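# Working through the structure, step by step
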2 protein chains.
Amino acid sequence: MGERYLRSIRLLSECMQLFEQSSTRTVRKLGFTHSQFDIIATLGNTPGMTCKELGEKTLITKGTLTGVLDRLEQKGLVQRERGNDDRRQLFVKLTPCGEATFDDVFPKVVQNGKLRFNTYTDADYLQLETALGKLKQHLIDDSQ
Amino acid sequence: MGERYLRSIRLLSECMQLFEQSSTRTVRKLGFTHSQFDIIATLGNTPGMTCKELGEKTLITKGTLTGVLDRLEQKGLVQRERGNDDRRQLFVKLTPCGEATFDDVFPKVVQNGKLRFNTYTDADYLQLETALGKLKQHLIDDSQ
DNA sequence: TATTGTTATACTCTATAACTATA
DNA sequence: TATAGTTATAGAGTATAACAATA
């Protein structure tokens, strides 16, 4: 098993690195830092969440998060609202402008603005989805 | 085509995010920054390269690279040697200690210290490798 | 007392521009 | 003049610890 296992791991790592390089380039070109984009992507298509939850999902510690949110708020992309049931909590969500930015920017970054699947057949899609679906399940199980 | 295309993209993005979260956690636990690990991983299993080449591969600009290399040199993990043919160039490579660190740390990060393929059959491996191999080719072609 | 989020601090990463030395 | 790498600078991300407000 060892040999084959390492081959898959290396291939996975190479794809990740290539993908991250492209997405990093796109994110920077669009004027965002990695952390800022991570927050926009995490808040996109959600009703919002508390700072605590946002920090857990993005792996940004609370002290750091305050600063990153300050800058996003200054750009008019996110807003903070004090919670009603628990007055300690802040509820963070995208502003309409933030939503528009998400809709515009997210596909560009994920697609790298370039990655196309022109030559993909139905069978190719099926294979990719099946392989990634199984992998995703492993990654989720392992993240506990 | 649109629907299916988006489904693959989203799945890919989810795998990437899960993978990056785990690897970020591992890198930090091991006492490295993202950039430092990126450099160690890029230099690992190579005879070394110039600062220029290292900067192009890691997307770290030259001014930044100097500082990151300074700190890795201080930790005794990399060394810089003035080139013989072109005295302007610096040749950067891992020290023996850096190599040992790479051998120890790289698998832990890539495997997340946890990701196992216990339940993978030969067919699963083949499918993952085929799908990722095709994807890799697309990512390489698009990075030009 | 415990939890949520902010503030303060020190260090690292980041891009950019000016600089040194080689070519 | 052009290129490889350093230095200087200002802004952003990072973890940590101390703090205020709320529970």
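Residues numbered from 1 in each chain as written. Chains lettered and ligands numbered in written order. Predicted model: local features only at pLDDT ≥ 70, side-chain atom pairs only at ≥ 80, totals over all residues. Heavy atoms only, no water.

By the naming in an unreviewed UniProt entry, chain A goes by MarR family transcriptional regulator and is assigned to Undibacterium hunanense.

This brings us to the protein's contact with DNA strand D. In the vicinity of DNA strand D there are 24 residues, among which A:Ser35, A:Thr61, A:Arg71, B:Arg28 and B:Leu90 approach most closely. Within the side chain of A:Thr33, one N or O atom sits 2.7 Å away from a phosphate oxygen of DNA strand D. For the surface near DNA strand D, the secondary-structure elements that each account for two or more residues are helix H2 (34-43) and helix H4 (62-74) of chain A together with helix H3 (51-58) and helix H4 (62-74) of chain B. Counting residues per element, the surface near DNA strand D draws most heavily on H4(A), which supplies four residues. By residue class, the composition of the surface near DNA strand D is four nonpolar, 10 polar and 10 charged. (Near = heavy atom within 4 Å. Polar contact = N/O pair within 3.5 Å; in protein donor to acceptor, adjacent residues only side chain to side chain. Helix = DSSP H or I, 4+ residues; strand = E, 2+ residues; numbered from the N terminus. Nonpolar A, V, L, I, M, F, W, Y, C, P; charged D, E, K, R; others polar.)

Counting along an α-helix, one turn takes 3.6 residues, and residues three or four places apart therefore face a common direction. Residues and elements named next belong to chain B. Buried within H3 we find Leu-54, Gly-55 and Thr-58. All buried residues of H3 fall inside an arc of 100° around its axis, so they share one side. Facing away from the buried side of H3 by more than 90 degrees, the exposed set consists of Lys-52 and Glu-56. Residues of H3 that are buried in the fold lie against helix H2 (34-43), strand E1 (49-50), H4 and strand E3 (90-94). (Buried < 20%, exposed > 50% of the residue type's maximum accessible area, 1.4 Å probe, protein only. Arc of directions from axis to C-beta. Contact = heavy atoms within 4.5 Å.)

A separate point is unusual backbone geometry. Residue and element names in this part refer to chain A. The backbone of Asn-45 sits at a positive phi, close to 60°, despite the residue not being glycine. Tracing the backbone through its elements, the reader meets Asn-45 in the loop between H2 and strand E1 (49-50). According to the relative accessible area criterion, Asn-45 is exposed, its value standing at 59%. The backbone phi angle of Leu-59 is positive, close to 65°, even though this residue is not glycine.

The next thing to look at is the pattern of salt bridges. Residue and element names in this part refer to chain A. Taken as a whole and judged by the stated rule, the model has 12 salt bridges over all chains. With a shortest N-O distance of 3.3 Å, Glu-56 and Lys-52 are connected by a salt bridge. Of this pair, Glu-56 and Lys-52 both sit in helix H3 (residues 51-58), separated by four residues, roughly a single helical turn. Measuring nitrogen to oxygen at the nearest pair gives 2.9 Å for the salt bridge that ties Arg-88 to Asp-86. When its relative accessible area of 70% is taken as the criterion, Arg-88 is described as exposed. (Salt bridge = Lys/Arg side-chain N within 4 Å of Asp/Glu carboxyl O.)

Attention shifts here to the side chain of B:Thr101. Residues and elements named next belong to chain B. In this structure, Thr-101 sits in helix H5 (residues 96-110). Here the side chain of Thr-101 touches Cys-97 through a polar contact of 2.9 Å, landing on its backbone oxygen. Filtering out sequence-adjacent residues up to four positions away, Thr-101 remains in contact with Phe-32, Leu-77 and Phe-106.

This part takes up the packing of H2(A) against H3(A). Residue and element names in this part refer to chain A. Their axes nearest at 10 Å, the elements H2 and H3 cross at an angle of 115°. It follows that H2 is roughly perpendicular to H3 by the angle criterion. Like other packed secondary-structure pairs, H2 and H3 cross with a definite hand, here right-handed. Residues Asp-38, Ile-39, Thr-42 and Leu-43 of H2 lie in contact with H3, whose contacting residues are Leu-54, Lys-57 and Thr-58. Classifying every residue of the contact of H2 with H3 by side-chain character gives three nonpolar, two polar and two charged. (Axes fitted to C-alpha atoms, helices over the stretch in contact; angles between N-to-C directions. Parallel < 35°, antiparallel > 145°, perpendicular 65-115°, else oblique. Left-handed = near helix turned anticlockwise from the far one by under 90°.)

Here we take up the sheet that holds strand E3 (residues 90-94) of chain A. Strands belonging to one sheet form pairs held by backbone hydrogen bonds; the direction of such a pair is parallel or antiparallel. Residues and elements named next belong to chain A. The antiparallel open sheet is built from three strands, whose spatial order is E1-E3-E2. At either end of the open sheet lies a strand with only one pairing partner, and these are E1 and strand E2 (78-82). Here E2 runs beside E3; their pairing, made up of five bridges, is antiparallel. Bridge assignment links Gln-79 to a residue of E3, and that residue is Lys-93. The sheet contacts of H2 involve E1, E2 and E3, and relative to E3 the element is tilted by about 90°. (Pairing = 2+ DSSP bridges.)

Another point: the protein's contact with DNA strand C. Taken together, 24 residues are adjacent to DNA strand C, and A:Arg28, B:Thr33, B:Ser35, B:Thr61 and B:Arg71 come closest. Take A:Arg88: an N or O atom from its side chain is 3.0 Å from a base oxygen of DNA strand C. For the surface near DNA strand C, the secondary-structure elements that each account for two or more residues are H3 and H4 of chain A together with H2 and H4 of chain B. Examining the composition of the surface near DNA strand C, we find that four residues originate from one element, H4(B), more than from any other. When its residues are assigned to classes, the surface near DNA strand C shows four nonpolar, 10 polar and 10 charged.

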